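Reading the structure
Residues per chain are reported as follows:
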Amino acid sequence: MFKKAICGILSAILITSLVGLSVSANSDSSSFEFEINGEEHTVTVEGIPEEFREAIAIQLLGLDDDSVQTYSWLCKVLGHNEDVGTATHTAHKERASDPRCTVYTYQVTMCSRCSALLDEQFVSAKYISCCPED
């Protein structure tokens, strides 16, 4: 009886700590800088597990990357494991005069099994002043 109680308490502590770890892993954001055809782009991803953020940024910009796996045998068997987060894409120096930069916001859905970007819903766009005029 005593062993069952101890096992139950330890199980509850382990589950609580794992839930806390998964919540904290999704709470931060990561930013990535890209240069595409001489134009600067910044993508910030949040609400997605850290190990998948760069893959989401690459896929959001439409860049080809052989390291991004987009389907796995596990997804074929169990289906995609969806995580939903937010991505902001800042396109720098898009306009000649201030405000020069545009921030596009997307709600992104990705699979944490295969890192595929499953869906991107456009949320908003706004002009910002972050780059000085040439």
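Overview of the structure. This one's a predicted model, so the numbers in the text were calculated from it and none came from an experiment.

Points about the pairing of strand 1 (residues 29-36)
- Pairing analysis gives eight bridges linking strand 1 to strand 2 (residues 39-46), with the strands arranged antiparallel. When the sheet's bridge partners are listed, Phe32 is paired in strand 2 with Val43.
- Two successive antiparallel strands, strand 1 and strand 2, enclose a turn made up of two residues, where Asn37 displays a positive phi of approximately 50°.

Concerning the side chain of Thr90
- Residue placement: Thr90 occurs in strand 3 (residues 82-91).
- Discounting chain neighbours no more than four positions away, the residues touching Thr90 are Glu40, His41, Thr42, Cys101, Thr102, Val103 and Ile128.

Remarks on the nonpolar core
- Counting residues in hydrophobic clusters, the biggest one holds 16 residues, and the most contacted among them are Phe34, Val43, Val45, Ile48, Ile56, Ala57 and Val108.
- For this core, the elements supplying multiple residues, two or more each, are strand 1, strand 2, helix 2 (50-60) and strand 4 (101-111).
- For this core, the leading source of residues is helix 2, giving five residues.
- Look past the residues within four positions of Val108 in its chain and what remains in contact with it is Ile48, Ile56, Asp83, Val84, Gly85, Thr86, Ala87, Leu117, Asp119 and Glu120.

Structural notes on the packing of aromatic side chains
- Under the counting rule described, the total for this entry stands at one aromatic pair.
- Both rings, one in Tyr106 and one in Phe122, keep their centres 5.9 Å apart while their planes meet at 70°; by these two values the pair is edge-to-face. A residue pair is termed long-range when its members are at least 10 positions apart, and Tyr106 in strand 4 and Phe122 in strand 5 (residues 117-128) qualify at 16 residues.

Some points on the environment of Cys114
- Inspection of the secondary structure puts Cys114 in the loop between strand 4 and strand 5.
- Here Cys114 falls in the buried class, since its relative accessible area comes to 2%.
- In sequence terms Cys114 and Trp73 are 41 residues apart; their C-alpha atoms lie 9.0 Å from each other.

With respect to the side chain of His92
- The residue His92 is located in the loop between strand 3 and strand 4 in this model.
- We classify His92 as buried; its relative accessible area is 15%.
- Residue contacts for His92: discarding those within four places in its chain leaves Glu40, His41, Thr42, Cys101, Cys130 and Cys131.

As for unusual backbone geometry
- The amide bond that connects Asp98 to the next residue, Pro99, takes the cis arrangement and shows omega of 0°.
- One non-glycine residue with positive phi stands out, namely Lys93, at about 55°.
- Summarising the element assignment, Lys93 is placed in the loop between strand 3 and strand 4.
- Using a relative accessible area of 39% as the deciding quantity, one classes Lys93 as partly exposed.
- Even without being glycine, Ser115 reaches a positive phi, approximately 65°.
- Mapped onto the elements of the fold, Ser115 is located in the loop between strand 4 and strand 5.
- Given the relative accessible area of 8%, Ser115 is considered buried.

Reading the values: rules and limits
Residues numbered from 1 in each chain as written. Predicted model: local features only at pLDDT ≥ 70, side-chain atom pairs only at ≥ 80, totals over all residues. Heavy atoms only, no water. Pairing = 2+ DSSP bridges. Helix = DSSP H or I, 4+ residues; strand = E, 2+ residues; numbered from the N terminus. Contact = heavy atoms within 4.5 Å. Core = buried A, V, L, I, M, F, W, Y, C linked by side-chain atoms within 4.5 Å. Buried < 20%, exposed > 50% of the residue type's maximum accessible area, 1.4 Å probe, protein only. Phe/Tyr/Trp six-rings, centres within 6.5 Å; stacked < 30°, edge-to-face > 60°.

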